[in-house]
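Working through the structure, step by step
As a plain string of letters, each chain reads:
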Amino acid sequence: MINTLVFDIETIPDVEAGRRLNNLNDLPDEAVAQAMFTLQRAKSGNDFLPHYLHKIIAISAVMTHSHQFRVWSLGDEQSDEKELISRFFKGLDKYKPVLVSWNGSGFDLPVLHYRTLLHGISAPLYWEHGEHESSFRWNNYLSRYHYRHIDLMDILAAYQNKAFAPLDDIAVLLGFPGKMGMNGSKVWENYLAGNLKSIRDYCETDVLNTYCVYLRFELMRGQLNQTQYDAALTQLKAYLAGESSRAHLQEFLGALQ
């Protein structure tokens, strides 16, 4: 298989931005977040914040490279947002992988764009459109219909919003484990409780589900034959079995078998 980087992010409200934009300077973080949610509900009827008000606290990935396989979260629990994003784009510069996501075009990448802009991080390869590398003119990370970034949700829905589906439903439908540990709506409360490790672990199981769906997608479109597909799942199971100290991966393996 070609180099691939399956990725997912987890976010919390950017309370610093909330203070600045809404003149909430005297309120603690939790109160600022609640005010942000309340204002958003008044505008849209729900409390899902605009992309530019999300702060990234975890980026997890499945990387396949030269027959190697790895599942991890970038940085560590002490890494700040700028370091996590910098590591993400440095990985793209080094390996030039195909990016794979579930709703990456609709959420993860726009959030990354705003946060990269905020921190002044350089990511020239990601923004390449063929000015310096001719191959990116016809296949780059940003064009919706190119395959250097494969947003599985977008493609499987034939780019129709009304056909979008949750990752959890599709993963379970295909016989994969589905979401484990928590869901996105629980990330903020777990962050407030200091459970960053649980958030990172949850993010890793999300990218594992996305990777499994990706393998089935590649089988469907003929990029993998049945033997190659089975071998990729066997490689995944062998990797997980070797990560005996990571309980969430063992739980995923148990649900996968």
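Residues numbered from 1 in each chain as written. Predicted model: local features only at pLDDT ≥ 70, side-chain atom pairs only at ≥ 80, totals over all residues. Heavy atoms only, no water.

**Thoughts on the overall build of the protein chain**
Of regular secondary structure, the protein chain possesses 10 helices and five strands. Principal axes of the C-alpha set define a box for the protein chain whose edges measure 60 × 45 × 35 Å. Relative to its full complement of 257 residues, the protein chain shows a buried share of 49%. Taking the intrachain contacts of the protein chain between residues at least 6 apart in sequence as the baseline, contacts between residues at least 24 apart amount to 67%. Surface accessibility of the protein chain: about 12,800 Å² in total, with carbon and sulfur atoms responsible for 50%. (Helix = DSSP H or I, 4+ residues; strand = E, 2+ residues; numbered from the N terminus. Buried < 20%, exposed > 50% of the residue type's maximum accessible area, 1.4 Å probe, protein only. Contact = heavy atoms within 4.5 Å. Areas by Shrake-Rupley, 256 points an atom, 1.4 Å probe, with all protein chains shown as cover.)

**A word on the packing of aromatic side chains**
Taken as a whole and judged by the stated rule, the model has 13 aromatic pairs. Between Phe136 and Tyr141, the ring centres sit 6.0 Å apart and the planes meet at 65 degrees, which makes this aromatic pair edge-to-face. The class for Phe136 is buried, based on a relative accessible area of 1%. Between Tyr145 and Tyr159, the ring centres sit 4.6 Å apart and the planes meet at 80 degrees, which makes this aromatic pair edge-to-face. A residue pair is termed long-range when its members are at least 10 positions apart, and Tyr145 in the loop between helix 4 (104-119) and strand 5 (149-151) and Tyr159 in the loop between helix 5 (152-156) and helix 6 (167-173) qualify at 14 residues. Among the aromatic residues, those joined into a ring-pair cluster are Phe7, Phe88, Phe89, Tyr126, Trp127, Phe136 and Tyr141. Between the NZ or CZ atom of Arg70 and the centre of the ring of Trp72, over which it lies, the distance is 4.2 Å. For Arg148, the ring lying beneath its charged end belongs to Phe136, and the centroid distance is 3.8 Å. (Phe/Tyr/Trp six-rings, centres within 6.5 Å; stacked < 30°, edge-to-face > 60°. Lys NZ or Arg CZ within 6 Å of the ring centre and 35° of its normal.)

**Here's the deal with the pattern of salt bridges**
A full pass over the atoms with the stated rule returns 12 salt bridges. Across the pair Arg221 and Glu218 runs a salt bridge whose closest N-O atoms are separated by 2.5 Å. Looking at Glu218, the relative accessible area reads 6%, which means it is buried. Overlapping salt bridges bring together Asp14, Glu81 and Arg115 as one network. (Salt bridge = Lys/Arg side-chain N within 4 Å of Asp/Glu carboxyl O.)

**Looking at unusual backbone geometry**
Most peptide bonds take the trans configuration, and most residues that are not glycine carry a negative phi. At Asn103, a residue that is not glycine, the phi angle is positive and equals roughly 70 degrees. Turning to its location among the elements, Asn103 is positioned in the loop between strand 4 (98-101) and helix 4. Overall, the relative accessible area of 25% leaves Asn103 in the partly exposed class. Located in the positive-phi region is Tyr159, a residue other than glycine, with phi close to 60 degrees.

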